[in-house]
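# Descriptive structure summary
What follows is each chain in one-letter form.
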Amino acid sequence: MVDKKSIIIIGAGASGLAAAINSARILKESGGDFCVTVVEQLQRVGKKILATGNGRCNLSNVNISKSNYHGDVDFAFCALNEFGANQTIDFFKSIGVLTTQEDGRIYPMNLSANSVLDCLRLEASRLGVEFICQLPVLKIEKKQNTFLINDEIKADCVIIATGGKSSSVHGSNGSGYKLLSKLGHSISNTSPALVQLVSSCDFCKHLKGIRVNGKITLKINNKNVKTEYGEILFTDYGLSGIATMQVARYVSVGKGKNPSAKITANIDMACALSYNDICDYINERKKINKQLSCENLLIGILQKRVAQVVLKKCNISPQSKEIQTLTKSEIQSIASCIKNFEMDITETKGFDSSQVTAGGAITCEFEPVSFKSKKVKNLYACGEVLNVDADCGGYNLQWAWCSGYLAGKSCAEEILNVKNK
Ligand SMILES: Cc1cc2nc3c(=O)[nH]c(=O)nc-3n(C[C@H](O)[C@H](O)[C@H](O)COP(=O)(O)OP(=O)(O)OC[C@H]3O[C@@H](n4cnc5c(N)ncnc54)[C@H](O)[C@@H]3O)c2cc1C
């Protein structure tokens with residue numbers, strides 16, 4: 001009887017699907033009798049892909065640099081240099097998804113995450129990949145040359161593609177760390193990254209729903225840690241928006257080092273104006289709108305509710321104070337407050353609200369590019385379960401496709417080598 005070699009991939013997310021497709025392609029081309037199976041704990045595959053990019057799936061970015069990645073960046077770049085944005089575009093073209101770009105961000109041409117997932121599933125099915133859904137993998141044992149999964153499924157090679165522990169509603173609940181750890185791998189501290197920030201400021205509810213296109217600087221014990229430009233969204237609990245999420249990873253890092261650290265988010269609400277421009281603007285209003293109350297002073301440059309909070313922070317009553325009575329120091333404190341609107345940050349919204357997990361399986365225990373475990377023969381890991389995460393903008397999915405594709409390749413090649421010996 002011919003011995004049918006098998007690869008089991010744990011997790012049908014972005015990296016698991018890329019690994020399944022590429023390993024099945026290589027094995028199919030070889031003409032042998034092989035079996036690639038993806039085990040997924042949720043009812044259906046690729047649930048998180050559907051949620052990416054607000055349903056549009058920002059699947060990569062044309063500008064990939066080390067500064068966009070965090071964790072084991074050098075390990076990541078050994079692979080990203082082999083499989084970057086161009087290879088991702090080609091890979092998607094090969095499964096029928098054409099792409100488009102917006103400010104460097106790469107999306108499917110029809111802006112539909114549904115199509116991305118459909119085409120991944122169709123290609124996997126065409127190649128004969130089998131899916132077993134609603135099966136959480138709780139145990140992986142290695143017995144001689146064979147893996148035994150949940151005491152019942154046998155495999156020659158296993159690829160762990162379980163993701164991190166962000167957004168557990170989409171399936172990634174940290175179980176991959178436990179599986180890898182039981183197989184002898186080390187896991188670094190994990191924390192939520194790309195996540196909203198919680199503030200103790202009493203005006204949060206008043207500002208709920210307001211969006212500002214500005215600059216946000218995260219400060220820890222009054223030291224600037226990270227600055228980002230872009231959308232900042234005020235919420236009833238604190239801050240959201242892409243610029244906020246980009247600085248958020250440093251809150252967990254700061255709290256980890258010193259739980260009592262004072263953390264603030266300092267927002268420039270009017271990047272286009274300098275401090276002096278704002279003073280000049282107020283002085284001009286003071287000349288023209290003498291008797292108007294301060295409530296109307298800033299409505300030409302800030303949203304009304306933001307203006308009210310700025311004035312209150314400067315101890316100026318919006319309704320009862322006339323513009324003409326503003327003193328020089330009051331004008332200066334309004335201008336400073338607009339350029340440096342400070343909010344106390346107590347914590348992040350946590351793993352379930354986060355888009356990505358910082359930390360994970362330490363990559364020096366895996367071979368670069370091939371993603372082979374140095375500890376367990378024929379074990380591989382790819383995607384977010386590894387200690388690699390990235391900024392908003394398609395960089396995380398790029399890592400998932402790249403690491404999944406290359407892990408699938410080396411796993412298939414390993415099987416073919418053994419078979420041919
Ligand atoms: C709301 C949201 C929006 C995002 N938008 C973008 C974006 O536009 N661009 C971008 O680059 N990145 C985006 N990201 C991040 C990106 O989606 C992830 O980094 C990427 O999906 C990680 O891929 P992965 O395959 O490593 O893990 P995942 O996609 O998390 O997949 C892991 C899979 O493994 C399964 N699994 C886990 N444990 C087990 C187990 N024990 N047994 C069986 N199955 C298991 C899970 O159910 C899941 O299906 C977004 C994330 C979120 C939450």
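Rules used in this analysis
Residues numbered from 1 in each chain as written. Predicted model: local features only at pLDDT ≥ 70, side-chain atom pairs only at ≥ 80, totals over all residues. Heavy atoms only, no water. Pairing = 2+ DSSP bridges. Helix = DSSP H or I, 4+ residues; strand = E, 2+ residues; numbered from the N terminus. Buried < 20%, exposed > 50% of the residue type's maximum accessible area, 1.4 Å probe, protein only. Contact = heavy atoms within 4.5 Å. Salt bridge = Lys/Arg side-chain N within 4 Å of Asp/Glu carboxyl O. Near = heavy atom within 4 Å. Polar contact = N/O pair within 3.5 Å; in protein donor to acceptor, adjacent residues only side chain to side chain. Areas by Shrake-Rupley, 256 points an atom, 1.4 Å probe, with all protein chains shown as cover. Nonpolar A, V, L, I, M, F, W, Y, C, P; charged D, E, K, R; others polar. Axes fitted to C-alpha atoms, helices over the stretch in contact; angles between N-to-C directions. Domains from an automatic or database assignment. Buried area = accessible area lost by both parts, 1.4 Å probe.

### Notes on the sheet that holds strand E3 (residues 60–61)
If you trace the 3 strands from one edge of the open sheet to the other, you get E3-E6-E5, paired in antiparallel fashion. Looking at which strands have only one partner, the edges of the open sheet turn out to be E3 and strand E5 (99–102).

### So, the side chain of Thr37
With respect to the helices and strands, the residue Thr37 is situated in strand E2 (residues 34–39). Overall, Thr37 belongs to the buried group, its relative accessible area being 5%. Contact partners of Thr37, with chain neighbours within four places excluded, come to Ile7, Ile8, Ile9, Glu130 and Ile132.

### Brief notes about the pattern of salt bridges
Following the criterion strictly, the structure yields 19 salt bridges and no others. Of the charged contacts in the structure, one is a salt bridge between Arg121 and Asp118, with a shortest N-O distance of 2.8 Å. Within this pair, Arg121 and its partner Asp118 are both found in helix H5 (residues 113–126), separated by 3 residues, close to a single helical turn. The network of salt bridges with shared partners includes Arg25, Glu123 and Arg126.

### Digging into unusual backbone geometry
Phi angles above zero are rare outside glycine, and Gln144 is one such case at about 50°. With respect to the helices and strands, the residue Gln144 is situated in the loop between strand E8 (140–143) and strand E9 (146–149). One non-glycine residue, Asp151, lies in the positive phi region at around 65°. By secondary structure assignment, the location of Asp151 is in the loop between E9 and strand E10 (153–155). With a relative accessible area of 48%, Asp151 lands in the partly exposed category.

### A word on the site of the ligand
Around the ligand, a shell composed of 34 residues is seen, among which Ser15, Glu40, Lys48, Glu384 and Leu397 lie nearest. Separating an oxygen atom of the ligand from a backbone N or O atom of Gly53 is a distance of 2.8 Å. The side chain of Glu384 places a nitrogen or oxygen atom 2.6 Å from an oxygen atom of the ligand. Starting from 1000 Å² of accessible surface for the ligand in isolation, the protein chains cover 94%. Broken down by secondary-structure element, the contributors of at least two residues to the shell around the ligand are helix H1 (14–30), helix H2 (47–51) and helix H12 (395–420). Of the residues forming the shell around the ligand, the biggest block, 4 residues, is contributed by H12. The residue makeup of the shell around the ligand, split by class, is 13 nonpolar, 18 polar and 3 charged.

### Comments concerning the sheet that holds E9
Strand order in the open sheet formed by 3 strands is E8-E9-E10, and the pairing between neighbours is antiparallel. With partners counted over all chains shown, the strands left at the sheet margins are E8 and E10, one partner each. Sheet twist, expressed as the mean angle between neighbouring strand axes with direction ignored, is 30°. As paired strands, E8 and E9 are joined by 4 bridges and run antiparallel to one another. Within E9, the residue paired with Lys143 across the bridge is Thr146.

### Let's talk about the domain arrangement of the protein chain
According to the domain assignment, the protein chain contains domain 1 (5–191 + 355–420) and domain 2 (196–349). The C-alpha-based centres of domain 1 and domain 2 are spaced at 41 Å. In this complex, domain 1 contributes 8 residues to the contact, which on the side of domain 2 involves 6 residues. In total, about 590 Å² of surface goes out of reach between domain 1 and domain 2, with carbon and sulfur atoms giving 52% of it. In terms of surface lost to domain 2, no three residues of domain 1 exceed His70, Ser191 and Cys392, which account for 58% of the buried area on that side.

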